[in-house]
Amino acid sequence: MPSNSSQDKHAALLFADALHRRSGDVSHALFQQHAFFDPNDLLQVKYEALGAWDLNEQSLSALANAFALSRPTLYAARAALQTHGLAGLLPNKRGPKQAHKLTDDVLLRLRQLLEADPARSTPELLEVLRDELGV
């Protein structure tokens, strides 16, 4: 059974969306011979794959296979590393990048409604927003 720190790291990687979902398929020698290299750590796997690519260890297809990554993932990781440095390899936030339902107009109308009547319930506010703004 893995140690607590190993479980903690696994949970942290999962939470950060940095868990390599194909870690069991990583076959590169670094990850087979040294305990420092963690095939579960997607950031580390990408970084080492790019290092191996720079050293021309193998063809890109062979490297992609050895690190259990796709060729497009390696191309994207290389571009991100060149553009943003190591931070470019960090996972991007998924989903909408900004509020898409609570627009400025919706927030403004909510403030107006609450200033006029602070006792209004949420269902009442929703009904007004639906009728007036179509949301």
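Residues numbered from 1 in each chain as written. Predicted model: local features only at pLDDT ≥ 70, side-chain atom pairs only at ≥ 80, totals over all residues. Heavy atoms only, no water.

Take helix H1 (residues 4–15) next. A rise of 1.5 Å per residue sets the reference length of H1, with its twelve residues, at 16 Å; its end C-alpha atoms lie 16 Å apart and thus fit the reference within 8%. At the C-terminal side of H1, Asp17 shows a positive phi close to 60°. (Helix = DSSP H or I, 4+ residues; strand = E, 2+ residues; numbered from the N terminus. Expected span 1.5 Å × (residues − 1).)

Let us now look at the packing of aromatic side chains. For the structure on display, the rule yields four aromatic pairs. Between the aromatic rings of Phe36 and Phe37, the centroid separation amounts to 5.1 Å while the plane-to-plane angle is 85°, which identifies the pairing as edge-to-face. By relative accessible area, Phe36 is classed as exposed at 63%. Taking 5.5 Å as the distance between ring centres and 80° as the angle between the ring planes, the aromatic pair formed by Trp53 and Tyr75 counts as edge-to-face. Linking Trp53 in helix H3 (residues 42–54) with Tyr75 in helix H5 (residues 71–84), this pair joins segments that are 22 residues apart in sequence. One aromatic cluster is present, formed by Phe31, Phe36, Phe37 and Phe67 through successive ring pairs. (Phe/Tyr/Trp six-rings, centres within 6.5 Å; stacked < 30°, edge-to-face > 60°. Buried < 20%, exposed > 50% of the residue type's maximum accessible area, 1.4 Å probe, protein only.)

Our next topic: the nonpolar core. When a protein is soluble and globular, its nonpolar side chains tend to lie buried together. Within the largest apolar cluster, 19 residues are counted, with the highest numbers of intra-cluster contacts made by Phe31, Leu50, Trp53, Phe67, Leu69 and Leu74. Elements that contribute at least two residues to this core include exactly H3, helix H4 (60–66) and H5. Sorting elements by how many residues they give to this core places H3 first, with six residues. For Phe67, the contacting residues outside a window of four places in its chain are His20, Val26, His28, Phe31, Val45, Glu48, Ala49 and Ala52. (Core = buried A, V, L, I, M, F, W, Y, C linked by side-chain atoms within 4.5 Å. Contact = heavy atoms within 4.5 Å.)

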